[in-house]
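Chain residues, written in single-letter form:
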Amino acid sequence: MHVSLAGITKRYGAILANDDVDLDLVPGEVVALLGENGAGKSTLMKILFGFQQADAGEIRIDGRPVVIDSPRAAAALGIGMVFQQFSLVPALTVRENLALGHRCTPWWIGRGARSFAAPVAHLRDIAPEIEPDLPVSRLAVGEMQLVELAKVLNLDAGVVILDEPTSVLTPAESERLWEQVRRIAAGGAAVVLITHKLEDVFACAQRVAVMRRGRMVATLDTSSVTPDALVRLIVGAETVTTAQPVERTADALPRAWIKNLSATTAAGAIAGVDLRIAAGEILGIAGVSGNGQQTLADAVAGLAILLAGEVIVDGETLQAPRAEMPAQSAVAYLPEQPLRNAVAPDLSVAVNLMLKRIRDLPWRSHPSQFDADARERITAFDIRPTDPRATAASLSGGNLQKLVAARELAGAPALIVACYPTMGLDLGAAAAVYEALFAHARRGAAVLWISEDLDDLLRYAHRIAVLHRGRIAGIADTAQATRRQLGAWMVGHSIDVAAEPAHA
Amino acid sequence: MDSLDIVFTGFLISALRSATPLLLTLLGECLGQRTGVINLGAEGQMLVGAMAGYGATAAFGNPWVGLLAGAGAGVALSAVHALLVVGAQANQFASGLAVWMLGFGLSAYFGAALVGQQVTAFDSIDVGAAAQWPVIGSVIAGMTPTVLLALLLVPVIGLWFYRTRTGLRWRAVGESPAAARAAGVSPATVQIQAVLVGGLLSGLGGAALSVDYTRTWAEGMSAGRGLVAVGLVIVARWNPWWTLPAALLFGGAEALSLRLQTADTPISAQLLHILPYLVSLVVLTLTCLRRSDSGTPAGLKAVMDR
Ligand SMILES: Nc1ncnc2c1ncn2[C@@H]1O[C@H](COP(=O)(O)OP(=O)(O)OP(=O)(O)O)[C@@H](O)[C@H]1O
Ligand SMILES: [Mg+2]
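Residues numbered from 1 in each chain as written. Chains lettered and ligands numbered in written order. Predicted model: local features only at pLDDT ≥ 70, side-chain atom pairs only at ≥ 80, totals over all residues. Heavy atoms only, no water.

S.K.: Explain the pattern of salt bridges to me, and be specific about the residues and the numbers.
M.R.: All names here are of chain A. Applying the stated rule across the entire model yields 22 salt bridges over all chains. One salt bridge connects aspartate 314 with arginine 255, and the closest N-O pair in it is separated by 2.8 Å. With aspartate 314 in the loop between strand E14 (306–313) and strand E15 (316–319) and arginine 255 in strand E11 (residues 254–265), this pair connects stretches of sequence that are 59 residues apart. The class for arginine 255 is partly exposed, based on a relative accessible area of 21%. (Salt bridge = Lys/Arg side-chain N within 4 Å of Asp/Glu carboxyl O. Helix = DSSP H or I, 4+ residues; strand = E, 2+ residues; numbered from the N terminus. Buried < 20%, exposed > 50% of the residue type's maximum accessible area, 1.4 Å probe, protein only.)

Following this line, the structure appears as C-alpha cells:
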C-alpha cells in the first residue's frame, strides 16, 4: 500500500503546526520522522490517522485520494498508530484493551481466556512476561508501550505509525522494539517511526524525513547521511551543546536520606529502600520499568502513602507514615507522563507554571501578574508556543515536559526527584533540561534521577542504584560500574550488598 | 407453612414489587453513567413513562401495550437529553434538570384526563410447579410480570455489559473517550445509545409503577424515585449486578414503612413515608464515606470536574 501525503496544512490558532507538508510512504520501508519538539510530527501523523483533520492537502492511497475522517476510517484502510500520549484505557485489563480494537473479537467474549486468545497472540510474541489479565493502570510505561504496539500489530496494518515509542524504553527493550519494527516492515508494511533518538534511526530506518517548525525540510536515505549531518538538519542554524557532567565534591555533607522506605501504590511496591544522597550528588536509579521506580518517586515526593520509613531532607523528616504533607516542600518532582501526572491540562501555561506556589498567591490575583513571570520561564526553557495563555493540553509532548521542568526547577529545592526528565525531548531541549538539573546539583541539591537510559546515567550520575522488584538490587559508583554488573542487577542476579559504598 | 414464613415471604414480595420501578430506572441510569453521561432527567422519564403507560393501558385494555408505550415515551424524552448533551455538548446537569421539568410538565398536562380512570391489571403469571418449591415457591407465585422482567434484566444486562464486545466498548467509552476513539469506537454514538437505553428502562420503570405497582395515575407520582436512582448508582458502584441489592434497599424500606403504617404504629404516616429515602441517603453517605472511589468511571469524574 503506497500512501502519499501532499500539501498537508494544519493551523491551530496562530500556530501553523503543518505547513504544506509532503511525505511518501512505501511498503516495506521504515521512515524515521525527525524534528524538534513542536515541529509538527505528531500532528502530521494524527492527520494521517484521522484523529485530526487537515485544513488543506490530500492523502492518496495507491494514487487514489481518500478521506480519513476518523481513526475508525483509518483502521479500515489499514492504518494503525501508537500515540505519544498513551491511548489505553487504564481501568480495563490488557486483554480487554487489545480486544477493544481487534477486528475478530467475537460478540460474546465470555470470561474464559480461550475465545479471547486472538487479541493477545501478538503480545505473547513481543512481551510474553506481561500478564494479560492485569489492569493497564498497573503496568509500567515500557510495558504499556508494548501493549500499544501489540494493538497495532493486531490490525494487520499496511501502515504502522509509532510516535516516539523508544523514549522510555531500556536499551534492551529498544532493541526488541527495533527487531519488531524491522519484522513489520519485512512483512510488507510501511512504518513511520517518530523519534528523537538517532540510534533508532540508524538501527531500523531506511529513510529519514526531517521537519522543522511545521515544514518538511529534508527527506533522504539513511545510508547517505551521518549522525552529525542529521543533527544539523534537525536543529537548523542553531548549535547544540551537550550538558557538562557535574564534578563530584569529595567530602560533601549528606543532604537527603531515604530511610528504609516501604510503600505500595497502584503502580507497584517498594520495600526497605534505603538510600543516602549527599549535597551535590546525582544518584541514578536504573532498572527495567515496572520494578517500583514510579512508586519510589511518588513516595519520596510525598504522593504515596508510606507503609514504613521516612524521607529526611536536611535533618528534617519530610515524609513518614501518617505525616502531614509540608506546606512548602523542599522537594521538586518531575513525574513520568506529565500530561497525566503533572499538569492541569485545561488551564493555561502560566497557571501551570504557578501551581507550585499557589498557596502564596494573594487572595485576589490578576492573570496578567503571572503572565510576566511565566514569560521568563517560557524563554528560559524554550517552551513553544510562547503564549502564556495557551492551555497546557495544546502543547506538544516534549513541550509539556519542558513546562514541568520549568516549574519544578524554579527556586532552590533541596532534593529533586526526576523521572525520565528528558523523555520525548529533542537534543537541544534535553541538554537544556540536564543543564538546569545539574545547575541545582552544582548549587548543592541532592538529585534522585530515575532513567532507563544507561548511557546518560553512566555519563552524568555519580552513583547508580538498580531497582528490582521494589528492592535495591545493587548500588555502585559510576566510575566502577559496568554495564554487565548493572544488567545482572536489573534481572535480579547476584544481589551484592557489599557493593554499597560506605557513604555517610 | 408457619406464620413467620408467611410474614417473610409477604415482606419479600412487597419489597420486590416496590423495588421494581426503581430497579429498572437504576439499571438504565447505571448504563448511562458508565458511558460518562449522568441523567437527572430519569425522574421526568419515569413520569412520562408512567403517564403514557397508564394512558395506553386504559385505552387498549392491555397492560403489555402500556409497558411498551411507557418505554417509548421514556426513549422519546431521553432523546432530548442525548441531543443536548452529546449533540450540543450542553452541561449534563442543566440538561438533566430541563428534561426532568419537561417530563413533569408533559406528564401532568397529558395525564390530567387519566386521573381516576381504571385499568386492567396483568393476569397473574402461571409459574406451574415452581410455586410448590419450598420457601421461594410462594415468592415466585407472588411475582407480577414486571417484577420478573426487572429481575431477569439484571443478569441479562450484567452479562451483556461484562461479557460482550459491545459491553466492552461501552465501558471503554466511559473510562476514556479518547482511547476508545483511537480504538475505532465512536464515543458519541455509544453515549447516545446509552442515554436512549436509559430512557427506555426508566420509561419502563415508570410504566411498571403506574400500571402494575400502584395501578393509579397521579401527578408527580414517581415521587423522587428517578433521583434516588441517580444516587443509588453510586451505592451500586456503577455495576449493573449491584443494582438489585441497591434497589431492594429502597424497596425493603418502603415495604417496611407500609407495614408499620398498617400496623397502626404511633409514628406519623408522613414520617414513615420518608423512611425509604432516609435509608437510601444513609447508605449513600456510608458508601461515600469509605472514600475509595473504585468503580467510578473516569469519564464521569471528568464531568464532575467541569
Ligand atoms: N490540539 C492542539 N491545539 C493547539 N495547538 C496544538 C494542538 N496540538 C498541537 N498543537 C501545536 O502544534 C505544534 C506541533 O505539535 P506536535 O504535537 O505535532 O509536535 P511534535 O513535533 O510532535 O513535537 P514533540 O516532539 O514535542 O512531540 C506545537 O506548536 C503544538 O503546540
Ligand atoms: Mg509529538
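S.K.: Now, about helix H6 (residues 171–186) of chain A: what can you tell me, with residues and values included?
M.R.: All names here are of chain A. With 16 residues, H6 extends 22 Å from end C-alpha to end C-alpha; this agrees with the ideal 22 Å at 1.5 Å per step. Along H6, the residues classified as buried are Glu173, Ser174, Leu177, Trp178, Gln180, Val181, Ile184 and Ala185. The buried residues of H6 occupy one face: seen down the axis, they fall within an arc of 165°. Projecting away from the buried face of H6 at angles above 90 degrees are the exposed residues Ala172 and Ala186. Lining the buried residues of H6 we find strand E3 (30–35), helix H4 (121–126), helix H5 (141–154), strand E7 (159–163), strand E8 (190–194) and helix H7 (198–204). Count one or two residues on from H6 and you reach glycine 188, which has phi positive near 105°. (Expected span 1.5 Å × (residues − 1). Arc of directions from axis to C-beta. Contact = heavy atoms within 4.5 Å.)

S.K.: Kindly report on the pairing of strand E17 (residues 415–419) of chain A, identifying the contributing residues and their values.
M.R.: It is a general feature of regular strands that their side chains alternate between the two faces of the sheet. Residue and element names in this part refer to chain A. When you tally the buried positions in E17, you get 5 out of 5 residues, the bulk of the element. Burial of the side chains of E17 extends over both faces: Leu415, Val417 and Cys419 are buried on one face and Ile416 and Ala418 on the other. Across 5 bridges, the pairing between E17 and strand E18 (residues 446–450) is parallel. The residue bridging isoleucine 416 from the neighbouring strand is valine 447, located in E18. (Pairing = 2+ DSSP bridges.)

S.K.: Just give me the short version of the packing of helix H10 (residues 225–235) of chain B against helix H13 (residues 275–289) of chain B, but keep the residues and values in it.
M.R.: All names here are of chain B. Remark: H10 packs on H13, axes separated minimally by 9 Å, with the N-to-C direction vectors making an angle of 35°. At the point where H10 passes H13, the crossing takes the left-handed sense. Contacts between H10 and H13 involve Val228, Gly231, Leu232, Ile234 and Val235 from the first element and Tyr277, Ser280, Val283, Leu284, Thr287 and Cys288 from the second. A per-class count over the contact of H10 with H13 returns 8 nonpolar, 3 polar and no charged. (Axes fitted to C-alpha atoms, helices over the stretch in contact; angles between N-to-C directions. Left-handed = near helix turned anticlockwise from the far one by under 90°. Nonpolar A, V, L, I, M, F, W, Y, C, P; charged D, E, K, R; others polar.)

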